[in-house]
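# A structural walkthrough
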Amino acid sequence: MKEFTYTIKDEIGIHARPAGNLVKLIKGFSSAVTIEKEGKAPINATALMKLMSLGVKCGDTVKFSIDGEDEEAAAKAIEEFMTANL
Amino acid sequence: MTVFQGKGVYGAVAIGKASIFSRGGADVRRESIDDPAKELERVEAAKALAVEQLEAIHDKALKEVGEANAEIFEIHIMMLDDEDYNDSIRNIIETQKVNAEYAVAVTSDNFAEMFASMDDAYMQARSADVKDISNRLIACMSEGGSGSSESGEKMIVCADDLAPSETVSLDKDKVLAFVTAFGSSNSHTAILARNMNIPAVIGAGEEFLKSISDGDMLIVDGHTGEIYVDPDEDTVKRYTEKQEADAKKKQLLQELKGKENITLDGTKINVYANIGGVASIGSVLANDAGGIGLFRSEFLYLESEDYPTEEQQFTAYRKVLESMAGKKVIIRTLDIGADKQIDYFKLDKEDNPALGFRAIRICLTRPEIFRTQLRALYRASAFGNLGIMFPMITSVSEVKKCLAMCEEVKKELQSDGIKYSEDTEIGIMIETPAAAVISDKLAPLVDFFSVGTNDLTQYTLACDRQNAKLESFVDTHHEAVLRLIEMSAKNAHVNGAWIGICGELGADLTLTETFLRMGIDELSVSPPYVLPLREKIRSIDLKQG
């Protein structure tokens, strides 16, 4: 299992567009991925509407947990995506 | 005659008959079923059909309202595929043994409620998206699908609210305007209306819908948000005139959109826009500018409490470059001084800030600030067509120092394995008489010049821009200034560089011909001046006179 945290820098936070793209990215891997926002229960990162409804805003820190055969690659790809888009 | 007040979201006038929008899909009833598997199949079949429809709408939206606005429909497709949403529908069908329509409707309410209860206006607006996809799904389960108006006459569509997909699905040729009783100016629908150039008023209130019926005469004023039901003769006359005036203005601009900036004798020139923040990109595109000739990077520093990080700057620059999709974007490096104070820079007070410690002088004295900006710029260069421009240049050695810094930054990025574009153009502002006078020495070092006429005028005429008393001494068409520009243009061209003007004089239509005759290659002006300037350029014949 791999874990990392990321603090959102985008002004609007995880809104519809990046959420959709993130889900698309994660679905391309076989690993199970969860996202946890501080103070809330972790959710399955491929659940688009739940992800949007987390209401992750600029300055919030989220924790990703990635578990599965391709966790290395998945973690790297997710981290890159977050840095570039959020 | 009755008048209703809403919010105008697109400024134009429409006069015509009302057509009340109906969704065709009747209320969903709860029915008990025996065969859940069959209902699940119906859901799957409807989903496939809905996705097909959404893909078609997405294509239509791409053509009519552009990629950024079309994206919502891609998100709709993904929402339809959402695991929780689908699990919920399946669960309700299987455990309650009810029809598919009902299961979708209940799921829709639950998810919409989840978004509506969030304390964030953006997310609240997403509950409309959930309802939109659910209604589509339900409509796809019954025959017919979405019904459209049959008559050939153009109508004013009136609805309680319009979902984005409904707005785009409306046949543009049959819609004069639309009015909704509810809805926010933040909604996708409002944004889409603006992009489709359809007069629209939203939030006209429930009373409005109740008081009209199909075929009623309406006037919709998208400027003021007023709606007249059964208008009297005078009002109709007044609005007909207003409509004609609008149409004339719009036609003129529309005629110029997409046209080249070319003189009667065939000389082409680039017309770009000046902006001071990411928010203005919309108006750059709306006014059909060929690129951004001056992007003032100061806003990043002014809006920040501390030095903006490389990451913050990179994100902003990248956003601009991506939004401009391959069109030229010239970003000017930090241009502040004692007159444009930023607290955390801790600049000393100066008696004469215009001649003081400012712009490139700060950057060369405090290279750590400069390096951060250059790294962010070069990283962003991989995402579009970037030009980097240095302000307040007076000497060859300053330019050489800037270039050396650029080389260092590029080497760093290379060894860090970070991409950047080798095609990034480097230019300098010609805004001091010194730079203009030695432009023959400066031009071989750079790809382009951009003349900052405001400062060039103030330094050449020794007239402080801020001093109102000097106004009668400032001749903006002073021959000294024009000669310096001409000299710079000649020296640029001899050395294979191009030259633009990004100061206020660029928008002075009485000088356009003079600049064209000097061989100026680019004029960069505020977005609203782009089309008037284009009109002027297209009327000039350099072979005459």
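Residues numbered from 1 in each chain as written. Chains lettered and ligands numbered in written order. Predicted model: local features only at pLDDT ≥ 70, side-chain atom pairs only at ≥ 80, totals over all residues.

### Considerations on the overall build of chain B
Secondary structure summary: chain B contains 21 helices and 16 strands in total. Out of the 545 residues in chain B, the part that is buried amounts to 43%. Restricting to contacts in chain B with at least 6 residues of sequence separation, those with at least 24 account for 68%. (Helix = DSSP H or I, 4+ residues; strand = E, 2+ residues; numbered from the N terminus. Buried ≥ 20, exposed ≤ 12 C-beta atoms within 10 Å, placed from the backbone. Contact = placed C-beta atoms within 7 Å.)

### What to know about the overall build of chain A
If you tally the helices and strands in chain A, you get 3 helices and 4 strands. Traced from its N-terminal end to its C-terminal end, chain A shows the element sequence β-α-β-β-α-β-α. When burial is assessed residue by residue, chain A has 36% of its 86 residues classed as buried.

### Points about the interface of chain A and chain B
Listed per partner, the contact involves 15 residues of chain A and 19 residues of chain B. Of all the elements in the fold, those that place two or more residues in the side of chain A that touches chain B are helix H1 (16–27) and helix H2 (48–53) of chain A. Class assignment for the residues of the side of chain A that touches chain B results in 7 nonpolar, 5 polar and 3 charged. (Nonpolar A, V, L, I, M, F, W, Y, C, P; charged D, E, K, R; others polar.)

### Here's the deal with the sheet that holds strand E2 (residues 32–37) of chain A
Strands in a sheet are paired, the pairing made by backbone hydrogen bonds, and the direction either parallel or antiparallel. All names here are of chain A. Pairing is antiparallel in the open sheet, where 4 strands are placed in the order E1-E4-E2-E3. The open sheet terminates on both sides in strands that have one partner only, identified here as strand E1 (2–7) and strand E3 (43–44). Across 6 bridges, E1 lies against strand E4 (residues 61–67) in antiparallel orientation. Each residue of the ladder has a partner; that of threonine 5, found in E4, is lysine 63. Helix H3 (residues 71–85) rests against E1, E2 and E4 of the sheet, and its axis sits at about 0° to E1. (Pairing = 2+ DSSP bridges. Axes fitted to C-alpha atoms, helices over the stretch in contact; angles between N-to-C directions.)

### Things to note about helix H1 (residues 36–65) of chain B
Residue and element names in this part refer to chain B. Over its 30 residues, H1 runs 41 Å from end to end, which matches the ideal 44 Å to within 8%, given 1.5 Å per residue. Restricting attention to buried positions, one finds in H1 the residues Glu39, Val43, Ala46, Lys47, Ala50, Gln53, Leu54, Ile57, His58, Ala61 and Val65. Positive phi shows up at glycine 66, right after H1, with a value of about 90°. (Expected span 1.5 Å × (residues − 1).)

### Details of the pairing of strand E5 (residues 175–180) of chain B
All names here are of chain B. For E5, the buried fraction is high: 6 of the 6 residues fall into the buried class. The pairing of strand E4 (residues 155–159) with E5 spans 5 bridges and is parallel. By the bridge assignment, isoleucine 156 is partnered in E5 with alanine 177. A crossover links E4 with its parallel partner E5, the connecting element being helix H6 (residues 164–169), and its sense is right-handed. In the sheet, E5 pairs with strand E6 (residues 200–202) via 2 bridges, with the strands oriented parallel. By the bridge assignment, phenylalanine 178 is partnered in E6 with alanine 200. (Right-handed = clockwise from strand over helix to strand, strands pointing away.)

### A look at the nonpolar core
Counting residues in each nonpolar core, the largest one holds 79 residues, and the members touching the most others are Ile292, Tyr317, Val329, Ile331, Leu377 and Ile428 of chain B. Considering every element that reaches this core, the biggest residue donor is helix H14 (residues 367–381) of chain B, with 6 residues. Setting aside residues up to four positions removed in sequence, isoleucine 428 of chain B forms contacts with Met389, Phe390, Ile393, Val399, Ala435, Leu442, Val446 and Phe449 of chain B. In terms of nonpolar packing, the next biggest core, distinct from the first, is built from 59 residues, Ala19 and Ile78 of chain A together with Val65 and Tyr102 of chain B among them. (Core = buried A, V, L, I, M, F, W, Y, C linked by C-beta atoms within 7 Å.)

### So, the sheet that holds strand E7 (residues 217–221) of chain B
Residue and element names in this part refer to chain B. With mixed pairing, the 8 strands of this open sheet are ordered in space as E1-E8-E7-E3-E4-E5-E6-E2. Two strands close off the open sheet at either side, each with one partner strand: strand E1 (2–5) and strand E2 (7–10). Averaged over all pairs of adjacent strands, the angle between their axes in this sheet comes to 30°, without regard to strand direction. In this fold helix H9 (residues 233–256) packs onto strand E3 (13–20), E7 and strand E8 (226–229), with an angle of close to 115° to the strand it touches most, E3.

### Topic: the packing of helix H2 (residues 67–80) of chain B against helix H5 (residues 121–141) of chain B
Residue and element names in this part refer to chain B. Direction vectors running N to C along H2 and H5 enclose 70°, while the axes themselves pass 10 Å from each other. As the angle between them shows, H2 and H5 are arranged roughly perpendicular. Judged by the twist between their axes, the crossing of H2 over H5 is right-handed. On H5, the residues that touch His76, Met79 and Leu80 of H2 are Asp129, Val130, Asp132 and Ile133. Partitioned by chemical class, the residues of the contact of H2 with H5 number 4 nonpolar, 1 polar and 2 charged. (Parallel < 35°, antiparallel > 145°, perpendicular 65-115°, else oblique. Left-handed = near helix turned anticlockwise from the far one by under 90°.)

### Comments concerning unusual backbone geometry
Located in the positive-phi region is lysine 97 of chain B, a residue other than glycine, with phi close to 50°. Exposure remark for lysine 97 of chain B: the 14 C-beta atoms within 10 Å place this residue in the partly exposed category.

### Some thoughts on the environment of valine 474 of chain B
Residue and element names in this part refer to chain B. Here valine 474 lies in the loop between helix H18 (453–460) and helix H19 (479–494). Between the alpha carbons of valine 474 and alanine 462 there is a distance of 9.1 Å; along the sequence they are 12 residues apart. With residues up to four places along the chain from it excluded, the contact list for valine 474 reads Thr457, Leu461 and Cys463.

### Things to note about the confidence of the model for chain B
The predicted model of chain B has a mean per-residue pLDDT of 88, with 94% of residues at 70 or higher. Note on residues 144–150 of chain B: pLDDT is under 50 here. Beyond four places in sequence and across chains, it has 12 contacts. (pLDDT = per-residue confidence, 0-100.)

### With respect to the packing of H1 of chain B against H5 of chain B
Residue and element names in this part refer to chain B. It is at 8 Å that the axes of H1 and H5 come closest, and there the two elements cross at 115°. Taken together, the axis directions place H1 and H5 in an arrangement best described as roughly perpendicular. As for the relative orientation of H1 and H5, their crossing is right-handed in sense. Mapping the contact onto sequence places Arg42, Ala46, Lys47, Leu49, Ala50 and Gln53 in H1 and Arg136, Leu137, Cys140 and Met141 in H5.

### Examining the environment of serine 395 of chain B
Residues and elements named next belong to chain B. Assignment of secondary structure puts serine 395 in the loop between strand E12 (385–390) and helix H15 (396–416). Since 14 C-beta atoms lie within 10 Å of it, serine 395 is described here as partly exposed. Linking serine 395 and alanine 435, residues 40 residues apart in sequence, is a C-alpha distance of 6.6 Å.

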